[in-house]
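Commentary on secondary and tertiary structure
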Amino acid sequence: MVTIGATSRTTEGFAPEILAVALYKGESAQDLGEDAARVVSEGDISGKPGETALLYGQQSLAPRLMLVGLGERDLLTTEKIRRAAATVARRARTLKLQSAAFSLPVLPDTTIREVARTAAEGARLGLYRFDRHKSAADAQDLETFWLVADEGTLDEATEGAELGARVAEGAVLARDLANEPSNVATPEHLAERARKISEKYAMGLHVLDWAGIEEEGLTGLATVGRSASNEPRFIVLEHRKGGEEAPVVLVGKAVTFDSGGISIKPTAGMEDMKFDMSGGAAVLGAMEAVGALALPLNVVALVPATENLPGGDAFKPGDVLKMHSGKTAEIVTTDAEGRLILADALSYATRYEPSAVVDCATLTGACVVALGDHASGLMGNDEDLMAELQTAGETTGEKAWPLPLFEEYTEQIKGDTADIKNSGGRGGGALTAGAFLKEFADYPWAHLDVAGTAYGKKGNAYTTKGATGVPTRLLVEFLIGRTR
Ligand code: BES
Ligand code: MN
Ligand code: ZN
């Protein structure tokens, strides 16, 4: 794993193999020397985001100089810095170097701490790969990534680098868990991972097994999970560093494989349904970061974990469940299983008298249709809470966009033989799912539908094909905001 830290140009012994410096579109690089200016004037690099150019023997600090495009200076954002840091780290790794340095760009109205933090996140996330099941894994990894700051802001940059590295490590855990196939990442595997976190940071842990789930009356989870031989688990992780304050509860959907159940999904693309535990993975990733940062808050994580499989014992369309809250739900389709296990977790959360509850879930294909892979759907019953989450999304580059939960959507899921039904049909699919959850939240609550954002087919500067870790960093940033 790469070590990320901050340094100044004059720090003794600082001798990276490569130094990367920002190049803005339309600027000359004259201040970096004749050869750097030539690389630009000859058109080898224009300064567009994603571009890099390499030169040798330019200055005393490092044998190699990398110009990295950051776009137009006036249009610089933290997200562009995150991506540039990732690009630098990846390029250095491709060159089989052991150390690289990135001269921190200046962003008006943004502290060096924040700039260092985003660069650290970008470097760590950019270097991420999931190759533990490959026989011939690429052994080569970058060992050190330096963020270069002025001497006067070095302490600030060091703080930011540490913060960014810890937040990124949470997202890395979420990616690792979500990328694991369902034969590895079983409900019990997630519980084991939660146990590790609880031991590392002295958090409280309760794992309800099959008997515990039944005894607690978590009918939704028990019903979805009963046909699988990998038994469901209900994971409760408690970070208690906020004194007497009401806790924030994070809820994450962890369907370790969603076949659809009796309402079985088509074959094409079904393998992606190993990612249907990404919400739970992000919640565990966030708790890892919360622990590492020792945030002065009470935070509870609830992760209902199960497979959704057909079988002789499986639940069926038409069945009626008496949920944990006492409400009854009619099953229209066994493929709308996420809301059933989340509903129980939401009513379980009531006992904490929480100040806020945020759930995240790969809940609906409809949300992917609405927002694509660029933003998570944000719903809830509390505008202030939703605004906090939207802001956290902007800060972290894990964008979330508000969607409405009008009364009409609740009307749409009125049950025929029970109080509510688990599908309202095709129209407004993300919103009827949100409306279903809303029935179980009697506190300030928000819901993030991450079906389009938690994993992807392409990857960008700091994500790879597969799990992205979204919304781990959003959640951590939201919690940090609550410490201010
Ligand atoms: N896990 C899926 C949602 C999903 C779909 C996530 C595509 C990622 C990509 C969820 O359990 C599901 O199957 N939802 C159904 C609900 C419908 C049957 C009411 C959906 O969105 O089609
Ligand atoms: Mn489903
Ligand atoms: Zn699902």
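Anything mentioned here points back to the structure above.
Here the structure is a predicted model, which is why all the values come from computation and not from measurement. (Residues numbered from 1 in each chain as written. Chains lettered and ligands numbered in written order. Predicted model: local features only at pLDDT ≥ 70, side-chain atom pairs only at ≥ 80, totals over all residues. Heavy atoms only, no water.)

Some remarks on the coordination of the zinc ion (ligand 3)
Here is the rule: Counted as donors are the N, O and S atoms within 2.8 Å of the metal, or 3.2 Å for Na, K and Ca, while water is not among the atoms, so some sites may look incomplete. A four-donor site is called tetrahedral if each angle lies between 85 and 135 degrees; a four-donor site is square planar, and a six-donor site octahedral, when trans pairs exceed 155 degrees and the remaining angles lie between 65 and 115; all other cases are labelled irregular. Under the DSSP-based scheme used, a helix requires at least four consecutive residues in state H or I and a strand at least two consecutive residues in state E, with every element numbered from the N terminus. Exposure is judged per residue with a 1.4 Å probe applied to protein chains only, and the accessible area is read against the type maximum: over 50% gives exposed, under 20% gives buried, and values in between give partly exposed.
Each protein donor to the zinc ion (ligand 3) is listed here as Lys253 (NZ), Asp258 (OD), Asp276 (OD) and Glu337 (OE); together their distances run 2.0 to 2.4 Å. Angles of 77 to 174 degrees at the metal separate the six donor atoms of the zinc ion (ligand 3), which places the site in the octahedral class. Within one chain, the residues serving as donors to the zinc ion (ligand 3) are arranged as K-x4-D-x17-D-x60-E. The manganese ion (ligand 2) is placed at 3.2 Å from the zinc ion (ligand 3), the two being bridged by Asp258. Residue Lys253 is located in the loop between strand E9 (248–252) and strand E10 (254–258), and its partner Glu337 is located in the loop between strand E13 (328–330) and helix H9 (338–349); the two are separated by 84 residues in the primary sequence. With relative accessibility at 2%, the residue Lys253 sits in the buried group. Its relative accessible area of 1% is what places Glu337 among the buried residues.

Re the nonpolar core
Just so we agree on the cut-off: Only buried residues count toward a nonpolar core, which is a set of Ala, Val, Leu, Ile, Met, Phe, Trp, Tyr and Cys residues joined through side-chain atoms within 4.5 Å. A contact between two residues is defined here by any heavy atoms of the two lying within 4.5 Å.
By size, the foremost hydrophobic cluster in this structure holds 58 residues, and its most contacted members are Leu250, Leu448, Leu475 and Leu479. Tallying contributions element by element places helix H8 (residues 278–293) first for this core, with eight residues. What Leu479 contacts, discounting residues up to four positions off in sequence, is Val248, Leu250, Val290, Leu295, Leu297 and Val299. If you look at the next biggest cluster of nonpolar residues, it comprises 48 residues, including Ala329, Ile331, Leu346 and Ile413.

Describing the pairing of strand E8 (residues 233–240)
Keep this limit in mind: Strands are treated as partners if at least two bridges between them are detected by DSSP.
Most of E8 is tucked away: seven of the eight residues are buried. Of the pairings in the sheet, the one linking strand E7 (residues 204–208) to E8 comprises five bridges and is antiparallel in character. Looking at E8, one finds that Val207 is bridged to Ile235. Pairing between E8 and strand E11 (residues 298–308): eight bridges, direction antiparallel. Paired with Val236 across the bridge in E11 is Leu302.

Structural measurements only, silent on function.
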